[in-house]
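Listed below, chain by chain, are the residues.
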Amino acid sequence: MKMKKSFLIAAAIVATMSLSSASVFATESPVPSASVVSSNPGGMHPMSDYLAVDNAKLNNGGNSWSHKSGFNYGRIYITNASSQTLTVYLSYRSSSGDKINIGTWHVSGNDTLTLNTTNAGGQTFYLDYNTPNGTVSGNVNVRASDVPL
């Protein structure tokens, strides 16, 4: 009887430890990130991809898009058709609803910028921009993929 009671107590302790350790390892999903890529990036060809933004005009209101779940990678192509330097701000909407800045970049007049994003699946992104004189001109394309681009 004493052996059975000791076994039950040990089993209860092990069960409690395993339940409490599961909550210790629970984490939020990784936050999105972005990095600049070379002017001729090449790279892998995705197994599956789609255009999240297809040749949208830059406007004073900015652009936004959502990556479908499972498409954790993206490539953002920005063309600045103005002679002014374009300042670009990329952000996403966090699970708490806050708009979180990922990065800020500058695109020279009449130039382009290419950014790669990771941990993008299921996220809503915002691309805001401005120039010194307040006039923006150009376009943006965003490709979402299930493999790194």
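That block above? That's the structure.
Quick caveat, the model's predicted, so the values are computed rather than measured.

Conventions adopted
Residues numbered from 1 in each chain as written. Predicted model: local features only at pLDDT ≥ 70, side-chain atom pairs only at ≥ 80, totals over all residues. Heavy atoms only, no water. Pairing = 2+ DSSP bridges. Helix = DSSP H or I, 4+ residues; strand = E, 2+ residues; numbered from the N terminus. Axes fitted to C-alpha atoms, helices over the stretch in contact; angles between N-to-C directions. Contact = heavy atoms within 4.5 Å. Buried < 20%, exposed > 50% of the residue type's maximum accessible area, 1.4 Å probe, protein only. Polar contact = N/O pair within 3.5 Å; in protein donor to acceptor, adjacent residues only side chain to side chain. Salt bridge = Lys/Arg side-chain N within 4 Å of Asp/Glu carboxyl O.

Trainee: Would you mind showing me how to read the sheet that holds strand β1 (residues 33-36) here?
Mentor: Within a sheet, each strand pairs with its neighbour through backbone hydrogen bonds, oriented either parallel or antiparallel. Pairing within the open sheet is antiparallel, and its 5 strands lie in the order β1-β7-β4-β9-β2. The sheet is open, and its two edges are formed by β1 and β2 (49-57), each paired on a single side. Averaged over all neighbouring strand pairs, the angle between strand axes comes to 15 degrees, with direction disregarded. Pairing between strand β4 (residues 73-80) and strand β7 (residues 112-118): 6 bridges, direction antiparallel.

Trainee: Hey, could you run me through the environment of V142 in this one?
Mentor: Relative to the helices and strands, V142 resides in strand β9 (residues 138-145). Leaving out residues up to four positions away in the same chain, V142 has contacts with Y50, L51, A52, V53, W65, H67, R75 and I76.

Trainee: I would appreciate a short explanation of the pairing of strand β6 (residues 99-107) in the present structure.
Mentor: Residues in a regular strand project their side chains so that they alternate between the two faces of the sheet. Sheet topology note: the strand β5 (residues 86-93)/β6 ladder contains 8 bridges and is antiparallel. Bridge pairing in β6 places R93 opposite K99. Connecting the antiparallel pair β5 and β6 is a turn made up of 5 residues, with G97 showing a positive phi of about 95 degrees.

Trainee: Would you mind going over the pairing of β7 with me for this structure?
Mentor: The element β7 is largely enclosed, with a buried count of 5 among its 7 residues. Bridge count between β1 and β7: 4 bridges; the pairing is antiparallel. Across the sheet, V36 pairs through a bridge with L115, a residue of β7.

Trainee: Whenever I open this one, unusual backbone geometry confuses me. Can you help?
Mentor: A negative phi angle characterises most non-glycine residues, just as the trans form characterises most peptide bonds. A positive phi angle is found at N55, which is not glycine, with a value near 55 degrees. Within the secondary structure, N55 sits in strand β2. A relative accessible area of 42% means that N55 is categorised as partly exposed. With a phi close to 55 degrees, N119 is a non-glycine residue in the positive phi region. Among the residues examined, N119 registers a relative accessible area of 29% and is labelled partly exposed.

Trainee: Help me out: how do you make sense of the side chain of H67 in this one?
Mentor: Note on placement: H67 falls in the loop between β3 (63-66) and β4. A relative accessible area of 4% places H67 in the buried class. A polar contact of 3.2 Å, which involves the side chain of H67, links it to the backbone oxygen of F71. Excluding residues within four positions of it along the chain, H67 makes contact with Y50, Y73, G74, T117, A120, G121, G122, Q123, F125, V142, R143 and A144.

Trainee: What is the right way to look at the pattern of salt bridges in this model?
Mentor: Pairing between side chains of opposite charge can happen when the charged atoms of each approach one another. Taken as a whole and assessed by the stated rule, the structure comprises 2 salt bridges. Measuring nitrogen to oxygen at the nearest pair gives 2.6 Å for the salt bridge that ties R143 to D49. Residue R143 is found in strand β9, and its partner D49 is found in strand β2; the two are separated by 94 residues along the sequence. A salt bridge links K99 to D128; the shortest N-O distance between them is 3.2 Å.

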